[in-house]
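Chain and residue survey
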Amino acid sequence: LILETTGHSSASSLGVALFALTSAISRVAVGILSEKYDAYFTRFHWMTASSFLAMMGQFLVCLMDLTGIMAGTCLMGLSFGSFYTVQVPLMNEMYGNLEF
């Protein structure tokens, strides 16, 4: 819908593909990195970084040009994938196995 508003309706399928690709890549990458560097960069830090990526992605989409929308879509895909990868282990760390 955003791409159609800017006059680039043919690029909407590319935007969906970029979002899905970056989401899948970030799920694997963040899953591996959060386990490997757990002592240095906690899962709460991963969640904060994910929120920052989402904020920057929304800002780029607000620019309403094709490059900004595509870059924002990639950042939001990275944010979406990393958020859902880190969410469950973070809740387990915060509340433990009994409450979870």
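Residues numbered from 1 in each chain as written. Predicted model: local features only at pLDDT ≥ 70, side-chain atom pairs only at ≥ 80, totals over all residues. Heavy atoms only, no water.

**Notes on the environment of Ala 49**
One can find Ala 49 in helix H3 (residues 43-62). We classify Ala 49 as partly exposed; its relative accessible area is 29%. (Helix = DSSP H or I, 4+ residues; strand = E, 2+ residues; numbered from the N terminus. Buried < 20%, exposed > 50% of the residue type's maximum accessible area, 1.4 Å probe, protein only.)

**Digging into H3**
Here H3 spans 29 Å end to end across 20 residues, near enough to the 28 Å set by a 1.5 Å rise per residue. Met 64, located one to two residues past H3, shows a positive phi value of around 60 degrees. (Expected span 1.5 Å × (residues − 1).)

**Thoughts on the packing of aromatic side chains**
Counted under the stated rule, the structure contains 4 aromatic pairs. By the ring-pair criterion, three or more aromatic residues cluster together here, those being Phe 19, Phe 80, Phe 83 and Tyr 84. (Phe/Tyr/Trp six-rings, centres within 6.5 Å; stacked < 30°, edge-to-face > 60°.)

**So, the side chain of Ser 79**
Positionally, Ser 79 belongs in helix H4 (residues 66-99). Looking at Ser 79, its side chain comes within polar contact range of the main-chain oxygen of Ser 50, at 2.8 Å. What Ser 79 contacts, discounting residues up to four positions off in sequence, is Ser 50, Leu 53 and Ala 54. (Polar contact = N/O pair within 3.5 Å; in protein donor to acceptor, adjacent residues only side chain to side chain. Contact = heavy atoms within 4.5 Å.)

The analysis is restricted to geometry; functional conclusions fall outside its scope.
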